[in-house]
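Residue-level structure breakdown
So you can see what is in the structure, the chains are spelled out below.
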Amino acid sequence: MKDTILAIAGKPGLFRMLSRGNNNIIVETLDETKKRTAIGMRDRITSLNDIAMYTDEDDVPLMKVFQNIYDALKGPSPLSHKTATAAELEEFMTTALPAWDKDRVRQSDIKKLLQWYNVLAKAGYEEYDTEETKES
């Protein structure tokens, strides 16, 4: 994934970083609106490349988890993060990451993973675990 995809605390959805200024960055939403906005450096901004999921062994980068989901589903998930049951979320997580740590990964984490994956899949992303993310 060549784009820098960001999660911003207090703002719903995911954002693509377009450019960087002195005290802010310009981002664009990944949904259909493609709304651009300036985000101040005081906002809590997290790159999806910096996030990992707990497993029974080592942590796995989030982009690798997204790639596993895409390889299994070939598109957006039919599940909704709002209406999925606990059993459906657990089955989804087993598809995404078979060796996930059931003690440290909470149901809210799985819902966020499902939500973010669906946003990226609907935006047309198909390759997540590229050589760029493997190097970082």
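This text goes with the structure placed above it.
Conventions we followed
- Residues numbered from 1 in each chain as written.
- Predicted model: local features only at pLDDT ≥ 70, side-chain atom pairs only at ≥ 80, totals over all residues.
- Heavy atoms only, no water.
- Pairing = 2+ DSSP bridges.
- Helix = DSSP H or I, 4+ residues; strand = E, 2+ residues; numbered from the N terminus.
- Axes fitted to C-alpha atoms, helices over the stretch in contact; angles between N-to-C directions.
- 1 Å grid on protein atoms, 1.4 Å probe; cavity = no way out; pocket = protein on both sides within 12 Å on 5 of 7 lines; lining within 4 Å.
- Points joined across faces, edges and corners; volume = space filled by probe spheres on them.
- Nonpolar A, V, L, I, M, F, W, Y, C, P; charged D, E, K, R; others polar.
- Core = buried A, V, L, I, M, F, W, Y, C linked by side-chain atoms within 4.5 Å.
- Buried < 20%, exposed > 50% of the residue type's maximum accessible area, 1.4 Å probe, protein only.
- Contact = heavy atoms within 4.5 Å.
- Patch = residues over 30% accessible without salt bridge, like charges linked within 9 Å, V, L, I, M, F, W, Y side chains within 5 Å.
- Areas by Shrake-Rupley, 256 points an atom, 1.4 Å probe, with all protein chains shown as cover.
- Salt bridge = Lys/Arg side-chain N within 4 Å of Asp/Glu carboxyl O.
- Lys, Arg positive; Asp, Glu negative; His and termini not counted.
- Charge placed at Lys NZ, Arg CZ, Asp CG, Glu CD.
- Parallel < 35°, antiparallel > 145°, perpendicular 65-115°, else oblique.
- Phe/Tyr/Trp six-rings, centres within 6.5 Å; stacked < 30°, edge-to-face > 60°.

Right, let's get into the sheet that holds strand 2 (residues 15–20). Read from one edge of the open sheet, 5 strands run 4-3-2-1-5, paired in antiparallel fashion. In this open sheet, the two strands that pair with only one neighbour each are strand 4 (36–40) and strand 5 (45–47). Across the sheet, the mean angle separating the axes of adjacent strands is 45° when strand polarity is ignored.

It is worth spelling out the layout of surface pockets at this point. Considering only enclosed or pocket space, the largest pocket measures out at about 440 Å³ in volume. Lining the largest pocket are 20 residues, with Gly13, Thr29, Leu30, Asp31 and Val119 positioned closest to its centre. The residue inventory of the lining of the largest pocket, partitioned by class, reads 7 nonpolar, 7 polar and 6 charged.

Core analysis: the biggest nonpolar cluster contains 30 residues, and Leu48, Phe66, Leu113, Leu120 and Tyr128 have the highest contact counts within it. At the level of elements, strand 1 (5–8), helix 1 (62–73), helix 2 (86–96) and helix 3 (107–122) are the ones that each hand at least two residues to this core. Of the residues forming this core, the biggest block, 7 residues, is contributed by helix 3. Here Phe66 is in contact with Leu48, Leu113, Trp116, Tyr117, Leu120 and Tyr128, once residues within four sequence places are set aside.

Right, let's get into a negative patch on the surface. The grouping of Asp56, Glu57, Asp58, Asp59 and Asp103 at the surface amounts to a negative patch. Position of Asp103 among the secondary structure elements: in the loop between helix 2 and helix 3.

Turning to the environment of Gly13, a few remarks are in order. Note that Gly13 resides in the loop between strand 1 and strand 2. Distance in space between the C-alpha atoms of Gly13 and Asp31 is 7.8 Å, their sequence separation being 18 residues.

Here helix 1 crosses helix 2 at 100°, and the two axes come no closer than 8 Å. Compared by their axis directions, helix 1 and helix 2 come out roughly perpendicular. Where helix 1 approaches helix 2, its residues Val65, Asn68, Ile69, Ala72 and Leu73 are matched on the opposing element by Phe92, Thr95 and Ala96. Classifying every residue of the contact of helix 1 with helix 2 gives 6 nonpolar, 2 polar and no charged.

Here we come to the packing of aromatic side chains. All told, the structure shown has 4 aromatic pairs when counted by the stated rule. Taking 5.7 Å as the distance between ring centres and 50° as the angle between the ring planes, the aromatic pair formed by Phe66 and Tyr128 counts as tilted. Within this pair, whereas Phe66 is found in helix 1, its partner Tyr128 is found in the loop between helix 3 and helix 4 (131–135), the two being separated by 62 residues in sequence. The residues Phe66 and Tyr128 share a single accessibility class, namely buried. Members of the aromatic cluster, joined through ring pairs, are Phe66, Tyr70, Tyr117 and Tyr128.

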